Amino acid sequence: MSAIADHLPSGLIEPKGMAFATKRKVFLVAMAVPVVAYVLVVGIWPLTQGIWYSLYDYNLIRPQRTKFAGIDNYIEIITDPVSRQALINTAIFTFGAVFFELLIGFALALALWRDDRFNRLALALILIPVTITPLVVGLIFKGLLAADYGMIGYFLAQWGLTDPRGLLADQHAALATLIFIDVWEWTPLVALILLAGLKALPSDILEAASVDGATGLQKLRIIVIPLMLPAVLLALILRTVDAFRVFDTVYVATGGGPGNATNTLMLHAVKQGLEFFNIGRASAIANLTLLIIALIAAGFALMIRHADRKANGK
Amino acid sequence: MSASYWFQTGRRAFLLIMLVFFLAPFLWLATTAYKPSSAIFSIPPTFAFSPTLDQFRTIFRLFDVWSLLRSSVLIATGSVILSLALGVPAGYALARSKSRYAMGIAYFLMAIRMIPSVAALIPFYLMMRDIGLLGSWMSVVLINSMLNSAFVTWLMFSYFRGLPPELEEAALTDGCTQFGAFFKVALPAVMAGIVACVLFCLMFSWNDFLYPMFLTRLDSKPLSVALLSAYGTKDITWGTLGALAHFSTIPIVVVILFLNRYFVQGLTKGIH
């Protein structure tokens, strides 16, 4: 298009401004096309393949015997007790982790609110857990909590506070321990998001409230929390989505055990797909997880839009 | 003493406790590298030890550390370059476009970030097997860049939108080419965003372990995968892990600590 326009005398077909507008459009489209094409080929195409696989009884160990299975793979997620438990574990893990991360993260954000040197340094240091390899996070806590030589686990076991084999080997405590690890890893990120929200609060309203004699707690309840709702929802959406697809830390800390006490959906999908090569089943689990995450994200996105409208005065 | 004095003291005390809570496990990992195995496996666990470099000798004996480091560096630089080459121009185009589809495409790319790794892994694994890239570090770059370039586009979209277009318009009127206006005028103004993008891509691809675990072979596996085998048997465990972490985990932590300003700015921009 632009090539033809280049060879025509300007002003003959369209005014010069129009020609430039067309050229501009072509240029911008050309700049954006590669990434969209790339994501479609490397991301979306395999995902649609995954939907296809999930409808087949497809196992790599016997590649000749793939037969159409309809939604059997999906039905099995509900009927199979191991899959069902993975779904329940994932839900408990997500809910527990996000709840405590939000609670502690909000307290941290309030403590870090004032912009002084101590707080700036504290914020930088407190973000370290977020930057550590998730795999290593799992290994660190596995080491610390080990009942035989662990700095923490040894004493907990000696004092009879935990199972003699350690927290991560305890059927009843392992999932809660994984929630604790996730809280350690991601609370700083939640604090950072909420802190950004706090700093964006209109300071004139807070000052006016102080002049009118509002106490700290009143300001928090009447001004801060309602105006912070969009930031809180943002932290919620981000953490819920990430916690729901947790893999690395759980994989190394417990591997889904003891038994299936900490088996999550992602772990279950990897085991089915890349250890047992049951591609159909693994794809079904992965797709279900993707669907749940999409629904959660869409739900939160609607809530954020609603909260934004409210915060900006209807 | 006034109430506000006690309030401030309480706030500092709370932050100090939180700092200890969030930093102690990391410091534990870093120090195990300098402990002799006897101190790591003493009963009861001890805090006192005489520092040694034995653990580092062990990892060089057990692992081909340079080969692991090479794979990690190849995967990380490959992902950073490909993701930025794809994402930065697209972020600019979407921010400057007046089309009503631009916003929709930006949101679509942001949503890519939420795909569970495993959902893409299985079909991607089969795809790589079919085209013969399975076992190569390049397959890891390809899939990492898919997630990263989408995120870079979204992040740069926010940065470019915050940049007034007048400067580029002036340059265009002066006869600058369209690419020149993007590359020479707009790009230098958003260097903070570029740094943030590099940090995120670097962190993601350096720390990633699910994809390389299944997509690479023995000779192309990166540090993150080797870490897992570092705690295999009892006599090597934690000290080896701590020593390996000096190559795998600690560099990233230090880089981000130093460039903290960009990291925080990028995080707050990218998630809004």
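Scroll up to find the structure.
Residues numbered from 1 in each chain as written. Chains lettered and ligands numbered in written order. Predicted model: local features only at pLDDT ≥ 70, side-chain atom pairs only at ≥ 80, totals over all residues. Heavy atoms only, no water.

## With respect to the pattern of salt bridges
Side-chain pairs of opposite charge can arise where the charged atoms are in close proximity.
Reasoning step 1: Across all of its chains, the model carries twelve salt bridges over all chains by this definition.
Reasoning step 2: With its nearest N and O atoms 3.8 Å apart, the salt bridge here joins Asp116(A) to Arg11(B). Here Asp116(A), found in the loop between α4 (81-112) and α5 (117-126), pairs with Arg11(B), found in helix α1 (residues 3-32), and the two come from separate chains.
Reasoning step 3: Accessibility expressed as a relative area gives 16% for Asp116(A), which makes it buried.
Reasoning step 4: You can call Arg11(B) buried: its relative accessible area is 9%.
Reasoning step 5: Residue Glu168(B) is joined to Arg96(B) by a salt bridge in which the shortest nitrogen-to-oxygen separation is 2.9 Å. With a gap of 72 residues between them, Glu168(B) in helix α8 (residues 166-173) and Arg96(B) in helix α4 (residues 65-96) connect regions that are remote in the sequence. One exposure class covers both Glu168(B) and Arg96(B), and it is buried.
Reasoning step 6: Linked by salt bridges that have partners in common, Glu101(A), Asp182(A), Arg239(A), Asp242(A), Arg245(A) and Arg113(B) make up one network. (Salt bridge = Lys/Arg side-chain N within 4 Å of Asp/Glu carboxyl O. Helix = DSSP H or I, 4+ residues; strand = E, 2+ residues; numbered from the N terminus. Buried < 20%, exposed > 50% of the residue type's maximum accessible area, 1.4 Å probe, protein only.)

## Here we look at the interface of chain A and chain B
Reasoning step 1: Every contact between the two is made by 92 residues of chain A and, on the other side, 89 residues of chain B.
Reasoning step 2: Between chain A and chain B, roughly 8,000 Å² of surface is buried when both sides are summed, and carbon and sulfur atoms account for 81% of that area.
Reasoning step 3: The tally of links from chain A across to chain B stands at three salt bridges.
Reasoning step 4: Our count for the chain A to chain B interface comes out at twelve residue pairs in polar contact (both at pLDDT 80 or more).
Reasoning step 5: Looking at the side of chain A that touches chain B, its residues break down into 71 nonpolar, twelve polar and nine charged. (Contact = heavy atoms within 4.5 Å. Buried area = accessible area lost by both parts, 1.4 Å probe. Polar contact = N/O pair within 3.5 Å; in protein donor to acceptor, adjacent residues only side chain to side chain. Nonpolar A, V, L, I, M, F, W, Y, C, P; charged D, E, K, R; others polar.)

## Brief notes about the packing of α4(B) against helix α9 (residues 178-189) of chain B
Residue and element names in this part refer to chain B.
Reasoning step 1: Relative to each other, α4 and α9 sit at 85 degrees, their axes nearing to 12 Å. Relative to α9, α4 is oriented roughly perpendicular. The segment α4 lies against α9, with Val88, Pro89 and Tyr92 engaging Phe182, Ala186 and Leu187.
Reasoning step 2: Its residues assigned to classes, the contact of α4 with α9 shows six nonpolar, no polar and no charged. (Axes fitted to C-alpha atoms, helices over the stretch in contact; angles between N-to-C directions. Parallel < 35°, antiparallel > 145°, perpendicular 65-115°, else oblique.)

## Some thoughts on the nonpolar core
Reasoning step 1: In terms of nonpolar packing, the biggest core is built from 185 residues, with Leu194(A), Met228(A), Val88(B), Met156(B) and Phe160(B) touching the most fellow members.
Reasoning step 2: Here this core gets 15 residues from one element, more than from any other, and that element is helix α9 (residues 174-199) of chain A.
Reasoning step 3: Two domains each put at least three residues into this core: domain 1 (2-54) and domain 2 (72-311) of chain A.
Reasoning step 4: Sequence-distant contacts of Met156(B), defined by excluding residues within four places in its chain, comprise Val88(B), Gly91(B), Val190(B), Gly193(B), Ile194(B) and Cys197(B). (Core = buried A, V, L, I, M, F, W, Y, C linked by side-chain atoms within 4.5 Å. Domains from an automatic or database assignment.)

## Digging into the side chain of Thr289(A)
Reasoning step 1: When you line up the elements, Thr289(A) lands in helix α14 (residues 279-311).
Reasoning step 2: Engagement of the side chain of Thr289(A) in a polar contact is seen with the backbone oxygen of Ile285(A), the distance being 2.7 Å.

## With respect to a nonpolar patch on the surface
Reasoning step 1: Judged by side-chain polarity, Phe95(A), Phe99(A), Phe100(A) and Leu103(A) come together as a nonpolar surface patch covering roughly 460 Å² of accessible area.
Reasoning step 2: Note that Phe99(A) resides in helix α4. (Patch = residues over 30% accessible without salt bridge, like charges linked within 9 Å, V, L, I, M, F, W, Y side chains within 5 Å. Areas by Shrake-Rupley, 256 points an atom, 1.4 Å probe, with all protein chains shown as cover.)

## Some details on the state of the cysteines
Residue and element names in this part refer to chain B.
Reasoning step 1: Applying the stated criterion across every chain yields a total of zero disulfides over all chains.
Reasoning step 2: Cys201 supplies the cysteine sulfur nearest to Cys197, a cysteine that is in no disulfide, at a spacing of 6.3 Å.
Reasoning step 3: Taking relative accessible area as the criterion, Cys197 reaches 1% and is therefore assigned buried. (Disulfide = S-S within 2.5 Å.)

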